[in-house]
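Coordinate analysis (summary)
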Amino acid sequence: MSRLRSWDDVRAGWDRAVDAVVQQPPDSVTVRSAPLMSRLRAPDAAVMLAGAGGSGKSCMVKALTRHDPSGADPPRRSEEAELHRLDVTTPRGTRRIHLHVPPGQASYERDVELDRLLSDGFYPSGVVYTVAFGYDRFWEKEAIEFAAQTREAGGRIDLAALRRRKLGDENRTFARVCRLLGNAWHRSDGPVWLILAVTKTDLYWDRIGEARDHYIPGGAESSDADIAKLSHQFTDILEALTSQVGKQKLRVDVVPFSCMLENYAFGTELTARPKMDQADSRSLSRHFLSVLGERL
Ligand SMILES: Nc1nc2c(ncn2[C@@H]2O[C@H](COP(=O)(O)OP(=O)(O)O)[C@@H](O)[C@H]2O)c(=O)[nH]1
Ligand SMILES: [Mg+2]
């Protein structure tokens, strides 16, 4: 009988990804947009890329398909569901995947698209879920509201406050997606996988161990009581999903990711800068792709 993966195994996978930054692995997996001519071909796998708004989904798609994420079009709030037809080439061959990206913000469009994707009979065989350790971008309207609320409550807007707010939002979005996923995957026959992509790690590379312990059950508790509570909430949701779907059927990986080095700012105030260089960030992207390639 095969041994079931434990959370320690998941943690060891994370540590391998962190080591990859030093080792600079070669390219083993490449992704490109499917050529126009062959777009009608049925996909080998349907994959969903989900995560809260501003957690880095669009940048990840651009980086993985080798478009410069900081290039031409400015970042914007995604209102509509996107479908990317991608050819992923691994040492085992090329697989056509349909990558569905529902909008991340709590919105009517998001709910409709999530319900559609995860309704009876259709379910993704894999999900990449982006989480940003509280460094999700605030879109303009949200930032104004948050600033007003904080001022009214007599609070201070600092990095800790911004992160607490975003980690709370992240848990709510994750809970909703996991509820839908749990039901869809519970009914499905085949094996399924979830890769939690912990994005923007360049911004907190000096505290990368804390990010690991925040997202993988059984890690050390944060010394900040609010963060510790948020972490428990997150890992409870993850554990509930794995027990609902079953550890035999659901493979979970938690992998650090970074795809562009950009300052994190709130309004005009700079709150964090990248703490790694471009080569390290590329190594993380490459390692992430190799994990994705293994699941396909
Ligand atoms: N430092 C840093 N910033 C990132 C990274 N990925 C995304 N961002 C920033 O986060 C913002 C939101 O990312 P985006 O991909 O649009 O998020 P989405 O709403 O999930 O699609 C981007 O405009 C970037 O400013 C990253 O790897 N590192
Ligand atoms: Mg987007």
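By convention here, each chain's residues receive numbers from 1 onward along its written sequence. All chains are assigned letters beginning at A, and all ligands numbers beginning at 1, according to the order in which they are written. Only residues with pLDDT of at least 70 are given local features in this predicted model, and only at 80 or more are side-chain atom pairs given and counted; all residues enter the totals for whole chains, interfaces and linings.

Examining the overall build of the protein chain
Where we set the bar: Helical segments are the DSSP runs of H or I of at least four residues, strand segments are the runs of E of at least two, and each set is numbered from the N terminus. Computation of the radius of gyration draws on C-alpha atoms, with the globule rule given as 2.2 Å multiplied by the number of residues to the power 0.38.
When helices and strands are tallied, the protein chain shows 8 helices and 9 strands. For the protein chain, whose C-alpha radius of gyration is 18 Å, the value lies close to the compact-globule estimate of 19 Å for 296 residues. Projected onto its principal axes, the C-alpha positions of the protein chain cover 55 × 45 × 45 Å.

Quick look at helix 4 (residues 140-152)
Here is the rule we go by: Here a helix's expected span is defined as the number of its residues, less one, multiplied by 1.5 Å. Residue burial is a threshold on neighbouring C-beta atoms within 10 Å of the residue's own C-beta, all placed from the backbone, with 20 or more meaning buried, 12 or fewer meaning exposed, and counts in between meaning partly exposed.
Counted at 1.5 Å a residue, the expected span for helix 4 with its 13 residues is 18 Å, and the 18 Å between its end C-alpha atoms agrees. The buried fraction of helix 4 amounts to 0 of the 13 residues, a small share that puts the element mostly on the outside. Within two residues after helix 4, Gly-154 carries a phi angle of roughly 75 degrees, on the positive side.

Looking at the nonpolar core
We count it as follows: One nonpolar core equals one set of buried Ala, Val, Leu, Ile, Met, Phe, Trp, Tyr and Cys residues connected by C-beta atoms within 7 Å. Two residues form a contact once the distance between their C-beta atoms, set from the backbone, is within 7 Å.
Core analysis: the largest hydrophobic core is formed by 68 residues, its most contacted members being Tyr-129, Ile-195, Leu-196, Ala-197, Val-198, Val-254 and Val-255. Setting aside chain neighbours within four positions, we find Val-198 in contact with Val-131, Phe-133, Ala-211, Tyr-215, Val-254, Val-255, Pro-256 and Phe-257.

Notes on the environment of Arg-5
As for its placement among the helices and strands, Arg-5 is situated in the segment before helix 1 (7-23). In sequence terms Arg-5 and Gln-248 are 243 residues apart; their C-alpha atoms lie 8.6 Å from each other. Apart from residues lying up to four places away in sequence, Arg-5 is in contact with Val-10, Lys-247 and Arg-251.

Description of the sheet that holds strand 6 (residues 192-198)
Going by this rule: Note: two strands are recorded as paired if DSSP finds a minimum of 2 bridges between them. Angles here are taken between N-to-C directions and fall from 0 to 180 degrees, while the axes themselves are lines fitted to C-alpha atoms, restricted in helices to the stretch in contact.
As summarised here, the arrangement of the 7 strands in space is 1-3-4-2-5-6-7, forming an open sheet in which the pairing is mixed. Two strands close off the open sheet at either side, each with one partner strand: strand 1 (30-33) and strand 7 (250-256). Strand-to-strand, the axes of this sheet are offset by a mean angle of 25 degrees, without reference to chain direction. In this structure, strand 1 lies alongside strand 3 (residues 82-90), joined through 4 bridges in antiparallel fashion. Residue pairing across strands places Val-31 opposite Val-88, the latter belonging to strand 3.

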